[in-house]
Amino acid sequence: MKIRVVDFETTGMVGKDEPVGIVEAGWTDVLLGGSMPHITRPSFLMVNPGIPVMPEARAAHHLTDDEIAGGVSPEDAHAFLYTGMELGDVFAAHHAKFDRALFSGDPFPWICTMVCAKHLWPDMPSYGNQALRYRLGIDKGFVWPELAMPPHRAGPDTYVTAHILGRMLSTTPAARLVELTTTPVLLKTVPFGKYEGQLWSDMDRGYLEWVVDPKREFKQEVVDTANHWLRRLSQYRDPFA
């Protein structure tokens, strides 16, 4: 079995008004079956999306329109990512919601290492790819440390993510990581406002209902956490009702 970690550099941000295309596709395989996962060398492809790179995106990955002009088509890049994938294999990405907007990976399941990290290590101060890299000290496991640089390039980022995934696999089976990827993340403390830093379990019904009001447009994990505690209050009788 293998888990193929993928990453994309793009022309802009997914979800904005302008169209977004892939300018670089990277992947690193995590091979399972032995006593320890085996992490392969990262690979990457330049991709010509047929649309220009926005300056804000270029500020992150520094790829120019001229550099990607000779790249493969997005369709060919997708085909490369499927090469060698077999029944039982899995795709992974550090921010799978973003990457799946560019490449569905169907019919294979996905692991999101950022979501899984929030479940497995709830006290981390940050869940960015590079932040976890240094918090976990995974550089010690790099066979090719030079291939982990520079950040914000598709190949190196998949190499870092593959090692974060490897650390997860040391305690948690791949099948469980697939499950955690679609399991709502429950926060311990309120991350904003006058209650910042206080336990969600201490919040009253009025505040929780205020948070879940769709007009507030909070992040999904905030809404999921508030809904969780609303259900608990209903189940065990709300002392503030």
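That block above? That's the structure.
The model shown is predicted, which means the values in this text are computed figures rather than measured ones.

Asker: Any chance you could explain the environment of aspartate 224 here in plain terms?
Answerer: Structurally, aspartate 224 can be placed in helix H10 (residues 220-236). A relative accessible area of 18% places aspartate 224 in the buried class. In sequence terms aspartate 224 and valine 185 are 39 residues apart; their C-alpha atoms lie 7.1 Å from each other. Residue contacts for aspartate 224: discarding those within four places in its chain leaves Pro184, Val185 and Leu186.

Asker: What is the right way to read the packing of helix H6 (residues 129-136) against helix H7 (residues 154-169) from this model?
Answerer: Helices that pack against each other are described as a pair by the angle of their axes relative to one another and the distance between those axes. Between H6 and H7, the shortest axis-to-axis distance is 10 Å and the interhelical angle comes to 50°. When the axes of H6 and H7 are compared, the pair comes out oblique. H7 is crossed by H6, and the crossing has left-handed handedness. On H7, the residues that touch Asn129, Gln130, Leu132, Arg133 and Leu136 of H6 are Asp157, Val160, Thr161, Ile164 and Arg167. When its residues are assigned to classes, the contact of H6 with H7 shows four nonpolar, three polar and three charged.

Asker: Sorry, what's going on with the layout of surface pockets here?
Answerer: Gaps between atoms show up when a probe of the same size as a water molecule is rolled over them. Taken as a whole, the largest pocket holds about 1,000 Å³ of empty space. Lining the largest pocket are 30 residues, with Met114, Val115, Lys118, Val185 and Glu221 positioned closest to its centre. Broken down by secondary-structure element, the contributors of at least two residues to the lining of the largest pocket are helix H4 (96-100), strand E6 (110-112), helix H5 (113-120) and H10. Sorting elements by how many residues they give to the lining of the largest pocket places H10 first, with four residues. Residues belonging to the lining of the largest pocket are distributed by class as follows: 16 nonpolar, six polar and eight charged. If you add up the space inside the second largest pocket, you get close to 700 Å³. Along its surface, the second largest pocket is lined by 28 residues, and Asp7, Phe8, Glu9, Phe98 and His152 are the ones closest to its centre. When residues of the lining of the second largest pocket are assigned to their parent elements, the largest contribution, six residues, is made by strand E1 (residues 2-10). Of the residues that constitute the lining of the second largest pocket, the class distribution is 12 nonpolar, 10 polar and six charged.

Thresholds applied
- Residues numbered from 1 in each chain as written.
- Predicted model: local features only at pLDDT ≥ 70, side-chain atom pairs only at ≥ 80, totals over all residues.
- Heavy atoms only, no water.
- Helix = DSSP H or I, 4+ residues; strand = E, 2+ residues; numbered from the N terminus.
- Buried < 20%, exposed > 50% of the residue type's maximum accessible area, 1.4 Å probe, protein only.
- Contact = heavy atoms within 4.5 Å.
- Axes fitted to C-alpha atoms, helices over the stretch in contact; angles between N-to-C directions.
- Parallel < 35°, antiparallel > 145°, perpendicular 65-115°, else oblique.
- Left-handed = near helix turned anticlockwise from the far one by under 90°.
- Nonpolar A, V, L, I, M, F, W, Y, C, P; charged D, E, K, R; others polar.
- 1 Å grid on protein atoms, 1.4 Å probe; cavity = no way out; pocket = protein on both sides within 12 Å on 5 of 7 lines; lining within 4 Å.
- Points joined across faces, edges and corners; volume = space filled by probe spheres on them.

Function cannot be inferred from these measures alone, as they are strictly geometric.
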